[in-house]
Amino acid sequence: MYLFLAFLLVPIIEIALFIQVGGLIGLWPTLAIVVLTAFLGTAMVRTQGRMAMGQLQRAFSELDDPTEPLANGAMILLSGVLLMTPGFFTDAIGFALLVPGVRAAVFRYLKSRVTITQFQMGPSPQDGAARDPFGGDDIIDGEYSEVRTKPAQPSKWVEGPHQH
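Below or above, wherever it landed, is the structure these notes cover. (Residues numbered from 1 in each chain as written. Predicted model: local features only at pLDDT ≥ 70, side-chain atom pairs only at ≥ 80, totals over all residues. Heavy atoms only, no water.)

Here we come to the overall build of the protein chain. Helix and strand counts for the protein chain come out as five helices and zero strands. Counting all 164 residues of the protein chain, 20% fall into the buried class. The long-range share in the protein chain, meaning contacts at least 24 apart out of those at least 6 apart in sequence, stands at 57%. Carbon and sulfur atoms provide 67% of the accessible area of the protein chain, an area that totals close to 13300 Å². (Helix = DSSP H or I, 4+ residues; strand = E, 2+ residues; numbered from the N terminus. Buried < 20%, exposed > 50% of the residue type's maximum accessible area, 1.4 Å probe, protein only. Contact = heavy atoms within 4.5 Å. Areas by Shrake-Rupley, 256 points an atom, 1.4 Å probe, with all protein chains shown as cover.)

See below:
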């Protein structure tokens, strides 16, 4: 139902804003603003997207929880779509999502509404790839080479059957 309302209300809001702004400043300045915000938004999305990818790569390399960098990346992607969509309302939401503080607030709100039951990085202990086929928990992978030496001479300190 919310999606239906969004698809119904957003175009109505955009049309009303186009009529109001166009009546106030004229047709050509209105169209120039729409085109300018698309170009400006694209440049901003590109730089913010690179930063989000860096945060995501850092989270993966440090084995941190990647939830927030992934959410930031998704919101930046959404802002790019909104900024490429002609209109003042979608541009306002798109530019708002490019502000890190706004993204953090949206993330906190969404995090409070979503429950994660399990998070895991790497193979689980239940996966066959992480278990020892002989029943142990540790698998030690190594290489060896056989070293041939002369047999050791018996020590003079130890009596053996051939030493008297």
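Text resumes after the structure shown.
Bringing a nonpolar patch on the surface into the picture now. There is a patch of nonpolar side chains on the surface, built from Met1, Tyr2, Phe4, Leu5, Leu8, Leu9, Ile12, Ile13 and Leu17 and spanning about 940 Å² of accessible area. Position of Phe4 among the secondary structure elements: in helix α1 (residues 2–25). (Patch = residues over 30% accessible without salt bridge, like charges linked within 9 Å, V, L, I, M, F, W, Y side chains within 5 Å. Salt bridge = Lys/Arg side-chain N within 4 Å of Asp/Glu carboxyl O.)

What follows deals with the side chain of Thr90. With respect to the helices, strands and loops of the structure, Thr90 is situated in helix α4 (residues 88–97). Of the residues examined, Thr90 reaches a relative accessible area of 5% and is grouped as buried.

Buried residues of α4: Phe88, Thr90, Asp91, Gly94 and Leu97, and no others. Contact partners of the buried residues in α4: α1, α2 (27–61), α3 (67–84) and α5 (100–113).

The interhelical angle for the contact between α3 and α5, taken along N-to-C directions, is 120 degrees, at an axis separation of 10 Å. Handedness of the α3/α5 crossing: right-handed. Contact with α3, carried on its side by Thr67, Glu68, Ala71, Asn72, Met75 and Ile76, involves Arg103, Val106 and Phe107 of α5 and no other residues of that element. Taken together, the residues of the contact of α3 with α5 break down into five nonpolar, two polar and two charged. (Axes fitted to C-alpha atoms, helices over the stretch in contact; angles between N-to-C directions. Left-handed = near helix turned anticlockwise from the far one by under 90°. Nonpolar A, V, L, I, M, F, W, Y, C, P; charged D, E, K, R; others polar.)

Below, the discussion takes up the environment of Ile33. The residue Ile33 is located in helix α2 in this model. On the accessibility criterion, Ile33 (33% relative accessible area) is partly exposed. Taking the C-alpha atoms as reference, Ile33 lies 8.9 Å from Phe88; in sequence the two are 55 residues apart. Once residues within four sequence positions are removed from consideration, Ile33 is found in contact with Ile25 and Phe88.

That's the geometry; what it means functionally is another story.
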